[in-house]
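If you want the building blocks of each chain, they are given just below.
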Amino acid sequence: MTVLTRQVQRIRGPIEIGVMAFLREIGAMAMFLAATVRHIFKAPFEVQEMILQMYQVGVRSVPIVLISGFFVGGVVVIQFNYALSLFGAEVYLGGITTSGLLREVGPVLVAIMIVGRVGAYITAELATMKVTEQVDAIRCLGVNPVQFLVVPRFLAVSAMIFMLTILGLLVALLGGALVGNLILDINLSFYFANIRKLTAAWALFTGMLKSILFGILLATIACYQGMKTEGGAEAVGQAVNRCLVHCSIAVFLADYIIASLAALTYGLAEEIIF
Amino acid sequence: MIEFRDVWKSFGGHPVLQGIDLRIEPGERFFILGQTGVGKTVLIRLLVGLLRADRGQVWVDGEKVTAFSEAQFMSVRRKCGMVFQFPTLFDSLTVFENLAFALRRHTDLSEEEIAAQVRENLALVHLPGDVAERMPQELSYGMQKRVGLARTIALRPRILLYDEPTTGLDPFTAEQINRLMLEMAEKLSVTSVVVSHDLISMVRVADRVTLLADGRLVEVSRPEQFLHSANPLVRQFVEGRAAPEAAP
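Sequence order sets the numbering: in each chain, residues are counted from 1 along the sequence as written. To label them, take the chains in the order written and letter them from A, then take the ligands in the order written and number them from 1. Where local features are concerned, this predicted model is filtered to residues with pLDDT of at least 70; where side-chain atom pairs are given and counted, the filter is 80 or more; whole-chain, interface and lining totals use all residues. Only heavy atoms go into the side-chain values, all of them from the structure, while hydrogens and water stay out.

## Describing the sheet that holds strand E4 (residues 55-60) of chain B
In any sheet, the strands associate via hydrogen bonds between backbone groups, in a parallel or an antiparallel arrangement. Residues and elements named next belong to chain B. The four strands lie next to each other as E2-E1-E4-E5, forming an open sheet whose pairing is antiparallel. Two strands in the sheet have a free side with no partner beyond their single neighbour: strand E2 (14-24) and strand E5 (63-64). Against the sheet, helix H1 (residues 40-47) engages strand E1 (2-11), E2 and E4, with an angle of about 120 degrees to E1. Strands are treated as partners if at least two bridges between them are detected by DSSP. The numbering of helices and of strands both runs from the N terminus, where a helix is a DSSP run of H or I of at least 4 residues and a strand a run of E of at least 2. Note on definitions: a residue-residue contact is assigned when non-hydrogen atoms from the two residues lie within 4.5 Å. For helices, the fitted axis covers only the stretch in contact; all axes are lines through C-alpha atoms, and the angles between them, taken along N-to-C directions, range from 0 to 180 degrees.

## Structural notes on the pattern of salt bridges
Counted as salt bridges are all cases of a side-chain nitrogen of Lys or Arg within 4 Å of a carboxyl oxygen of Asp or Glu. In total, this model carries 26 salt bridges over all chains according to the counting rule given. Here Arg153(A) ties to Glu125(A) by a salt bridge, and the two come within 3.0 Å at their closest N and O atoms. Taken together, the residues span a long stretch of sequence, with Arg153(A) in helix H6 (residues 145-182) and Glu125(A) in helix H4 (residues 93-131) at a distance of 28 residues. Residue Arg153(A) is classed as buried on the basis of its relative accessible area of 1%. Among the salt bridges present, the one from Arg139(A) reaches Asp136(A), with a minimum N-O distance of 3.6 Å. Here the residue Arg139(A) and the residue Asp136(A) both occupy positions in helix H5 (residues 134-140), the gap between them amounting to three residues, near one helical turn. For the pair Arg139(A) and Asp136(A), a shared accessibility class is recorded, and that class is buried. Residues participating in the shared-partner salt-bridge network are Glu133(A), Asp136(A), Arg139(A), Arg45(B), Glu70(B) and Arg77(B). The buried label applies to any residue whose accessible area, calculated with a 1.4 Å probe on protein chains only, is under 20% of its type's maximum; exposed applies above 50%, and partly exposed to all values in between.

## Some remarks on the pairing of strand E9 (residues 208-213) of chain B
Residues and elements named next belong to chain B. In terms of burial, E9 is largely enclosed, as six of its six residues are buried. Pairing of strand E3 (residues 29-33) with E9, which is carried by four bridges, proceeds in the parallel orientation. Paired with Phe-31 across the two strands is Val-209, which belongs to E9. The pairing of E9 with strand E10 (residues 216-221) spans four bridges and is antiparallel. In the strand pairing of E10, Thr-210 is matched with Val-220.

This is the structure:
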């Protein structure tokens, strides 16, 4: 047996175990998502819990979305302005900035902010309920915990990420325009005139599609990590940690896949849809 | 009636229950004693489907629940209330909302009727009505345990499962819980299954008692017989002697 073969066999075991564990986790999460979706259509619908979660997820995230959205818009304008000025193409600043924000920066930025603020909160809350037997208590009172705890959070996160993305985008565009005008001395009428010209409806569609998908991914991962927690305080911390890591990876991976698919189908879709 | 027939359960290859056979009659106050970690809680969790047996049959009220689905267990849980070791109150809800939780979801009662029912349940566990508007964390541990019991009896279950009801309580509060267990059995005509290692509580409340040791039930007897049993495992438990070290 060659040294290379022995080396391959030595590392094959752990890799196989790792791949199997990863696939098992993906499978379990898919089943969790399926169970959640199934329970959306089952009575009773927990309206009060859903409104409470929408407030927690959405309304309480507004300040951070406003602040970071404004500054991200400003940073993007400064960066694009520098690049465009090399070619004397500052006139296109508004259009290119808006297209980039709609398609990429906006949805990803809002999703990442929500992961840190809301994903961690939801996982910690559900995990704590799990380890303190509150979830078992819900089951013992004849109530399905997926229906009572997961469905309202899932719908609230999915819906609010979509709305927060729209809000974040509007503020980022405003921030970009203001920074462009006040700091870079760019004419606002030029800035806005090019938005319509350079920003295709397809960019808006892609951005919105991303925000919906990110919302579903974050809601699923945060709730799944919370509900599968077993143990004590340490397990809660580990669940929150896993939620943040998995959500961040999922957002960037999904962003890459959608961006690739969008690039492939851009011409065709634009022809068919618009 | 509750019945375990040759029930086995293990965790990670470690056997916890090894062929449990037990029958608990309606209206009985039955104690399952044993050291911490021997599997007493596992036994009552099997009754409400929070855990599943590896082998054997579990019967509740004439129904074999062993192979029940999660949805089927929902009806079992409504007639089989569980009082957890820790209060497990929903800390984001007020005491009133905790007590109304099951009523709002399983009955057609109006809000006024629910409020009346909540007051009645608080009175049953000797708590004043003004407790209803407080948050669980504003109550003492003993009060939280009583609210937990009040929440469990909301749907008037026919069987009450108590998991270590007096553990961690001072003697005065433990005695209050003992009295409540007796009152629940009498006023609500429930069958009580109590998992505990508290001998004083057992003497005060139990009709019959058994000891779980090494995955098996050692003896089923009346409390006074249990205290004077000649069985070495029972003697060891009653006298609080440590188990002899296994020979190397």
